[in-house]
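Given next are the chains, with one letter for each unit.
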Amino acid sequence: MSGYTQTMERLIAELGRLPGIGARSAERIAFHLLKAKTDDAMRLADAIRDLKTRTRHCSRCYNLTEADPCPICSDPARDARTICVVEQPKDLMNIESTGTFRGVYHVLMGHLAPLEGVEPADLTIDPLLRRVESEGVREVILGTNPTIEGDGTALLIASLLAGREGVQVTRLARGLPSGSQLEYANKSMLADAISGRQKMG
Amino acid sequence: MPISELAICLRRSDYSETSLVVRMMTREHGQASLMAKGVKRPKSRFGGSIDLLSVGQAVYSLPRENSVSTMGLLMSWDQTEAYPCLRTDLLRHAVALTAAELLARLTEELDPHPASFDAMIRLLRELQGGEPPVRRLAEFGRALLTDIGLTPDFQTCAHCGQPTGPGEFPAARGLLFAGPRSGVLCPRCQPGPGESTVAISRNLQQFFIENTQITGRLALEFVRWLVYYVQHQIGRELNSAATLERAIAAALIAHARSAQPTDSHDNDK
Ligand SMILES: [Zn+2]
Ligand SMILES: [Zn+2]
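Residues numbered from 1 in each chain as written. Chains lettered and ligands numbered in written order. Predicted model: local features only at pLDDT ≥ 70, side-chain atom pairs only at ≥ 80, totals over all residues.

Asker: How do you make sense of the overall build of chain A when you look at a structure like this?
Answerer: Within chain A, the secondary structure is distributed over seven helices and six strands. Taken from N to C terminus, the helices and strands of chain A fall in the order α-α-α-β-β-β-α-β-α-β-α-β-α. Dimensions along the principal axes, computed over C-alpha positions, put chain A at roughly 70 × 45 × 35 Å. Relative to its 201 residues, chain A shows a buried fraction of 24%. Counted over contacts in chain A with a minimum sequence separation of 6, partners at least 24 positions apart contribute 47%. (Helix = DSSP H or I, 4+ residues; strand = E, 2+ residues; numbered from the N terminus. Buried ≥ 20, exposed ≤ 12 C-beta atoms within 10 Å, placed from the backbone. Contact = placed C-beta atoms within 7 Å.)

This is the structure in structure tokens:
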């Protein structure tokens, strides 16, 4: 053992479990906190405690929120009949930051990964279907990642929504990133761009 | 010495913010776990990322023989083919995933199977070419079992040793296939108490014995048998099996929805 006190050992071990933090960094942060003013260190502790006690998933869209339903779901100015389906809250924030989408969201809490054993029941697909049924939804925009697994998730949801009258299912456009150059695009991007080409004029 | 060869990505898992660990099936060296450093950076030399089921030229090195690490290093990746149909068609998607899982589970680390590798590439190309997915999966499955040496004996009863080939019994009578014995039972023999079996048709038997072309209906029977058989062989469930069944069901529903009442009913999916 390293000779640290038990409390110190415990903190280092906990910090070391965080993503991107190795044993060295964990040690450095622990020493930093030890030297820091009590108030400063406690603010960090409080922030972590509040995160875990006050933040939860919106009961409608599964976004992270402190109020339930979340501010987006309870905003009357938003079009509740257009749902954009994303894999995780981070994706929602990204789309939200563009300021171009005025509908509401649905967070799946992941994507299907059949080879890893992640099945539809592990995601919030059933609640999504219930929302589409009960909230008069007109359009479901599938905004899962353009990976094989994200696409598979979108395909399954599309197949579950197929045949529902008055519900349009769309997929986020894909292909070449704006501002990029053809010569640097890889084969998948080009294939996507060709098959998703749009009419001009 | 770095190796350069064609490979297909069977699995990818996040290693860090920017790196992935990929499980590649390479043509000449079989499966290899490779670290792809920095692959998730937008301007990485891997051209964006490496997706599941993508096919390309991999330049990699394997861990040294006496090394503790079991992971090699992927130095570059040049995707050579794209199969957009796997992203737009649920059944094709599920078929490709099932094939990838079969390949991953029936071959081992650094256990080369060029014929199976080629069969996988052929399958992906056929799917992209618009050919019937379940039939092509059945043909892939047959090629894989043949290459790996796992084709069961369909011509001898696994219990009494009597011949069970076509012509031995009335053709209308199917046979029972016993997963735990990896073989068929003749109509005179009964499965043991609680022993797992599935019924197979004579056509399925013939498909193996005579290496015949497969039809739509038989393909579905074959694929279900294949999943059953492989699960017994590897002693666990195939993760992709449920996805495949869901996709088949969705395809049949879509087919029924689009079919005219007067249409023929060959479920050729
Ligand atoms: Zn909400
Ligand atoms: Zn027998």
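Asker: Can you help me understand the overall build of chain B in this one?
Answerer: When you go through chain B residue by residue, the secondary structure sums to six helices and nine strands. Taken over the C-alpha atoms alone, chain B extends approximately 65 × 55 × 30 Å along its principal axes. Burial analysis of chain B (269 residues in total) assigns 39% to the buried set. Within chain B, contacts between residues separated by at least 24 positions form 59% of all contacts whose residues are at least 6 apart in sequence.

Asker: How should I be thinking about the domain arrangement of chain A in this particular structure?
Answerer: When the parts of a complex come together, some accessible area is lost, and that lost area is often taken as the interface size. As far as domains go, chain A holds domain 1 (6-54) and domain 2 (78-174). Taking the mean C-alpha position of each, domain 1 of chain A and domain 2 of chain A sit 36 Å from one another. (Domains from an automatic or database assignment.)

Asker: Is there a simple way to explain the interface of chain A and chain B in this structure?
Answerer: At the junction of the two partners, chain A supplies 22 residues and chain B supplies 26 residues. Taken together, the elements giving at least two residues each to the side of chain A that touches chain B come down to α6 (148-161) and α7 (187-195) of chain A. It is α6 of chain A that provides the largest number of residues to the side of chain A that touches chain B, a total of seven residues.

Asker: Got a minute to help me understand the confidence of the model for chain B in this structure?
Answerer: Caution is warranted with low-pLDDT regions, since their predicted coordinates should not be read in detail. All names here are of chain B. With 95% of its residues at a pLDDT of 70 or more, chain B has an overall mean of 89. Considering each helix and strand of chain B separately, the mean pLDDT is smallest for helix α4 (residues 202-209), with a value of 85, and largest for helix α2 (residues 114-128), with 98. Across residues 262-267, confidence stays below pLDDT 50; counting only partners more than four residues off in sequence or on other chains, it has five contacts. Interface scoring of the predicted complex returns ipTM 0.89; its pTM is 0.88. (pLDDT = per-residue confidence, 0-100.)

Asker: Would you explain the sheet that holds strand β6 (residues 153-157) of chain B in this entry?
Answerer: In a beta sheet, neighbouring strands are held together by backbone hydrogen bonds and run either parallel or antiparallel to one another. Residues and elements named next belong to chain B. The four strands are arranged β6-β8-β7-β9 in an open sheet whose pairing can be described as mixed. Each end of this open sheet is capped by a strand with a single partner; those strands are β6 and β9 (197-200). Along the sheet, successive strands turn relative to each other by an average axial angle of 40°, direction set aside. Examined bridge by bridge, β6 and strand β8 (residues 183-185) share two bridges and lie parallel to one another. Bridging across to β8, D153 finds its partner in G183. Against the sheet, α4 contacts β6, β7 (175-178) and β9, and its axis sits at roughly 115° relative to β6. (Pairing = 2+ DSSP bridges. Axes fitted to C-alpha atoms, helices over the stretch in contact; angles between N-to-C directions.)

Asker: What should I look at first to understand the domain arrangement of chain B in this one?
Answerer: Residue and element names in this part refer to chain B. Taken domain by domain, chain B holds domain 1 (3-82) and domain 2 (84-269). At the junction of the two partners, domain 1 supplies 13 residues and domain 2 supplies 18 residues. Elements with a minimum of two residues in the side of domain 1 that touches domain 2: β1 (3-14) and β3 (30-36). Looking at the side of domain 1 that touches domain 2 residue by residue, the classes come out as seven nonpolar, three polar and three charged. (Nonpolar A, V, L, I, M, F, W, Y, C, P; charged D, E, K, R; others polar.)

Asker: I tried to follow the packing of α4 of chain B against helix α5 (residues 216-234) of chain B on my own but got confused; where do I start?
Answerer: Residue and element names in this part refer to chain B. One way to put it is that α4 packs onto α5 with a least axis distance of 10 Å and a crossing angle of 80°. It follows that α4 is roughly perpendicular to α5 by the angle criterion. Across the interface between the two elements, N203, L204 and F207 from α4 touch L218, E221, F222 and W225 from α5. By residue class, the composition of the contact of α4 with α5 is five nonpolar, one polar and one charged. (Parallel < 35°, antiparallel > 145°, perpendicular 65-115°, else oblique.)

Asker: When you look at the nonpolar core in this model, what are you seeing that I'm missing?
Answerer: One broad trend across soluble globular proteins is that nonpolar side chains are buried collectively. Counting 103 residues, the largest nonpolar core has V85 of chain A together with M24 and A99 of chain B as its most contacted members. The leading source of residues in this core is helix α1 (residues 90-106) of chain B, at 10 residues. Non-local contacts of V85 of chain A, meaning those with residues more than four positions away in its chain, are made with H106, L108, L128, V140, I141, L142, G143, T144 and I157 of chain A. (Core = buried A, V, L, I, M, F, W, Y, C linked by C-beta atoms within 7 Å.)

Asker: Explain unusual backbone geometry to me, please; I cannot follow it from the model alone.
Answerer: Most peptide bonds are trans, and most residues other than glycine sit at a negative phi. Cis geometry marks the peptide bond from D68 of chain A to P69 of chain A, where omega comes out at -5°. Relative to the elements of secondary structure, P69 of chain A occurs in the loop between β2 (64-65) and β3 (79-86). Even without being a glycine, M109 of chain A presents a positive backbone phi close to 70°. Structurally, M109 of chain A can be placed in the loop between β4 (103-107) and α5 (125-134). Positioned with a positive phi, S182 of chain B is a non-glycine residue whose angle comes to about 50°.

Asker: Just to check I follow, could you spell out the sheet that holds strand β5 (residues 72-81) of chain B for this structure?
Answerer: Residue and element names in this part refer to chain B. Spatially, the five strands close up into a barrel ordered β1-β2-β3-β5-β4, and their pairing is mixed. Direction aside, neighbouring strands of the sheet carry axes that sit 50° apart on average. Two elements, β1 and strand β4 (residues 55-61), share six bridges in a ladder whose sense is antiparallel. Pairing of A7 across the sheet is with G56, part of β4. Strands β1, β2 (20-26) and β3 of the sheet are contacted by α1, whose axis makes an angle of about 105° with β1.

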